[in-house]
Amino acid sequence: MAVMTFLKPSADYLSHFLNGQKELEYTYPEVGATAGNLPQGYVVDRTQIELGTGQAVFEKAKRALEQWEQFQLGWVETWPRDVPMQTGEVVAIIAESFGCWWLNSCRIVYCIDEQETVTRFGFAYGTLPGHLECGEEQFLIAWNQQTNLVTYEILAFSKPGHFLTWIGYPFARRNQKRFARDSAGRMLQVVNNE
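As the structure is a prediction and not an experimental result, all values here were calculated from the model.

(A) Summary view of the nonpolar core. Core analysis: the biggest nonpolar cluster contains 34 residues, and Leu51, Trp68, Tyr125, Phe139, Ile141 and Tyr152 have the highest contact counts within it. Within the residue set of this core, elements represented by two or more residues are strand S2 (43–53), helix H2 (55–66), strand S4 (90–97), strand S5 (100–114), strand S6 (118–127), strand S7 (133–144), strand S8 (149–160) and helix H4 (169–193). For this core, the leading source of residues is H4, giving six residues. Residues in contact with Leu51, not counting those within four places in the same chain, are Val57, Ala61, Ile141, Val150, Thr151, Tyr152, Met187, Leu188, Val191 and Asn192.

Structural data, given as structure tokens:
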């Protein structure tokens, strides 16, 4: 059910694609596992970067996450850009690779908004049938008020969800690592440029 197009999909096409994904089930049984014990049988990726210090940096990073800035990478983006951070919301991830546009769909599994010694804000989404991978990814901004340090973290577990991913698995893994690196760089850029 993965979708590939030679031209960047139009808003109408993307809307139709997402409407077809909204009622579908997740493609993996361990929904919500990024919040606790990670499941066996998946590749686990964790990327963490220091964004700066203090509440102002935390608030900038939080706004960036709410606006899906971590996906605005040129070769990857989300649609629509204004999907609210709410459990159950569905988003399309559009990625350009080898001159083609690949559409992937995810649903927000849970949201995090905790204000304790470590203030945390973020969400996790899980893959739907219109995705090349199978698994879950968490995006988290954390402000440790004891050290004043603000971090951005991506935690994911995944495995191929489509035969094309199995065939090109080394390339798929390279793109996953590229996304994590570029996403961290984008968040650092946004926080420092506001």
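(B) Inspection of the packing of aromatic side chains at higher detail. Throughout the structure, instances matching the rule amount to 13 aromatic pairs. Between the aromatic rings of Phe71 and Tyr125, the centroid separation amounts to 6.1 Å while the plane-to-plane angle is 35°, which identifies the pairing as tilted. Remark: Tyr125 occurs in strand S6 and Phe71 occurs in the loop between H2 and strand S3 (76–79); sequence separation between them is 54 residues. Classification of Phe71 by relative accessible area gives buried; the value is 1%. Owing to a relative accessible area of 5%, Tyr125 belongs among the buried residues under this scheme. Linked through ring pairs, Trp68, Phe71, Phe123, Tyr125, Phe139 and Phe179 together constitute an aromatic cluster. The ring of Tyr26 carries the charged tip of Arg107 above its face, separated from the ring centre by 5.1 Å. The cationic tip of Lys159 hangs over the ring face of Tyr42; the distance from NZ or CZ to the ring centre is 4.7 Å.

(C) Geometry of the side chain of Gln176. Take Gln176: it is sitting in helix H4. Side-chain polar atoms of Gln176 contact the side chain of Ser158, separated by 3.0 Å. Not counting chain neighbours up to four residues away, the residues in contact with Gln176 comprise Asp45, Glu133 and Ser158.

(D) Inspection of the packing of H2 against H4 at higher detail. Running from amino to carboxyl end, H2 crosses H4 at an angle of 125°, the nearest separation of the two axes being 9 Å. Classified by the interaxial angle, the pair formed by H2 and H4 is oblique. In this structure, H2 meets H4 at a crossing whose hand is right-handed. Residue-level inspection shows Val57, Lys60, Ala61, Ala64 and Leu65 of H2 in contact with H4, the latter providing Met187, Val190 and Val191.

About the thresholds
- Residues numbered from 1 in each chain as written.
- Predicted model: local features only at pLDDT ≥ 70, side-chain atom pairs only at ≥ 80, totals over all residues.
- Heavy atoms only, no water.
- Core = buried A, V, L, I, M, F, W, Y, C linked by side-chain atoms within 4.5 Å.
- Buried < 20%, exposed > 50% of the residue type's maximum accessible area, 1.4 Å probe, protein only.
- Helix = DSSP H or I, 4+ residues; strand = E, 2+ residues; numbered from the N terminus.
- Contact = heavy atoms within 4.5 Å.
- Phe/Tyr/Trp six-rings, centres within 6.5 Å; stacked < 30°, edge-to-face > 60°.
- Lys NZ or Arg CZ within 6 Å of the ring centre and 35° of its normal.
- Polar contact = N/O pair within 3.5 Å; in protein donor to acceptor, adjacent residues only side chain to side chain.
- Axes fitted to C-alpha atoms, helices over the stretch in contact; angles between N-to-C directions.
- Parallel < 35°, antiparallel > 145°, perpendicular 65-115°, else oblique.
- Left-handed = near helix turned anticlockwise from the far one by under 90°.

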